[in-house]
Amino acid sequence: MKMLKQTLCGALLGLSLAACGPMDEVEQESAGQSEAPLEAGCVSVDDTLMTTHACTHASNGADNVNVTASATRIATAPDISTRHKHYTLNLPSGAEGSVTFTPVAVTSGTSTVESISFYLSQNVAFTVVDTTTSATVSTLVSESVSETACSLTQARVYDLVVGREYILATGPATGHQVGVVPEYLFDNRDRFYRDQDGDGYGTNTPVYRYACEAPAGYVKQRFDCDDTNPAIFNC
């Protein structure tokens, strides 16, 4: 009888979560779209699914595209806008090289700005220039990448205007080559759950994040039915 009760409770819980899950996602996503593209408080993208995804592209030879970068910062430099690719930029000897990037709308059909992370294989100079205004775009996140067995070592995040062309100037670099993987933060959305008692399990109310690390006091694992008692979890 006890086993039957547990089975029925588990089935009802599954149905309940299935019914509530999509609603949570729609509510969180809708709220996120009305705010700044890069969420407030996002200071790191290192420990995220986005970084793992970028490293997967970097290690897959079929995703690699060799590009000869321009010796000058010009709008006719080679384009690296295709998503889910690893670009090997061949730079001029001892100097910087330039390519171009034009973001598309992925957050919604009407989005005007997207947050983009450019993952690099070397810690070299990286400058993003708006071809419309000729202004240098501010770096919102700049950090080292600690993913195991990954050729990508740096991440640079920017908010870029959809449909506008940007010049990406990088280098000089050791060996005159730099690997680059562009990633849209919205493509790598994730959820985190409040873990008040620190047992590694969170409540079922999510915080929706755009490829940023979990906030303090939140974890990826949910199903903590008593978040005030660390001895009670996974129930």
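Each remark here, short or long, concerns the structure printed above.
Attention here is on the structure that accompanies the text. Since this is a predicted model, take the numbers as computed values, not measurements. (Residues numbered from 1 in each chain as written. Predicted model: local features only at pLDDT ≥ 70, side-chain atom pairs only at ≥ 80, totals over all residues. Heavy atoms only, no water.)

Tracing the chain through its elements places Glu 39 in the loop between helix H1 (2-33) and helix H2 (49-59). Here Tyr 210 takes part through its backbone nitrogen, which lies 2.8 Å from a polar atom of the side chain of Glu 39. Beyond its immediate chain neighbours, meaning those up to four positions away, Glu 39 contacts Tyr 208, Arg 209, Tyr 210 and Cys 212. (Helix = DSSP H or I, 4+ residues; strand = E, 2+ residues; numbered from the N terminus. Polar contact = N/O pair within 3.5 Å; in protein donor to acceptor, adjacent residues only side chain to side chain. Contact = heavy atoms within 4.5 Å.)

Overall, antiparallel pairing links the 3 strands, which are arranged E11-E10-E12 in an open sheet. Among the strands making up the open sheet, the edge pair consists of strand E11 (206-210) and strand E12 (218-219). In terms of strand pairing, strand E10 (residues 189-194) meets E12 through 2 bridges, oriented antiparallel. Each bridged residue has a counterpart across the sheet, and for Tyr 193 the counterpart in E12 is Val 219. (Pairing = 2+ DSSP bridges.)

Scanning the entire structure with this criterion turns up 2 disulfides. One disulfide in the model links Cys 42 with Cys 212; its S-S distance is 2.0 Å. What sets the handedness of the Cys 42 and Cys 212 disulfide is the S-S torsion sign, and at about -95 degrees it is left-handed. Here Cys 212 lies in the loop between E11 and E12 and Cys 42 lies in the loop between H1 and H2, a separation of 170 residues in the sequence. According to the relative accessible area criterion, Cys 212 is buried, its value standing at 2%. (Disulfide = S-S within 2.5 Å. Buried < 20%, exposed > 50% of the residue type's maximum accessible area, 1.4 Å probe, protein only.)

Following the criterion strictly, the structure yields 4 salt bridges and no others. Among the salt bridges present, the one from Glu 39 reaches Arg 209, with a minimum N-O distance of 3.1 Å. Here the residue Glu 39 occupies a position in the loop between H1 and H2, and Arg 209 occupies one in strand E11, the gap between them amounting to 170 residues. A residue is classified by how much of its surface remains accessible, and Glu 39, at 12% relative accessible area, is buried. A relative accessible area of 10% places Arg 209 in the buried class. Note that Asp 130 is salt-bridged to Arg 164, the shortest N-O span being 2.8 Å. Placement of Asp 130 in strand E5 (residues 126-130) and of Arg 164 in the loop between strand E7 (154-161) and strand E8 (166-170) is noted, with a sequence separation of 34 residues between them. Of the residues examined, Asp 130 reaches a relative accessible area of 6% and is grouped as buried. For Arg 164, a relative accessible area of 25% puts it in the partly exposed group. (Salt bridge = Lys/Arg side-chain N within 4 Å of Asp/Glu carboxyl O.)

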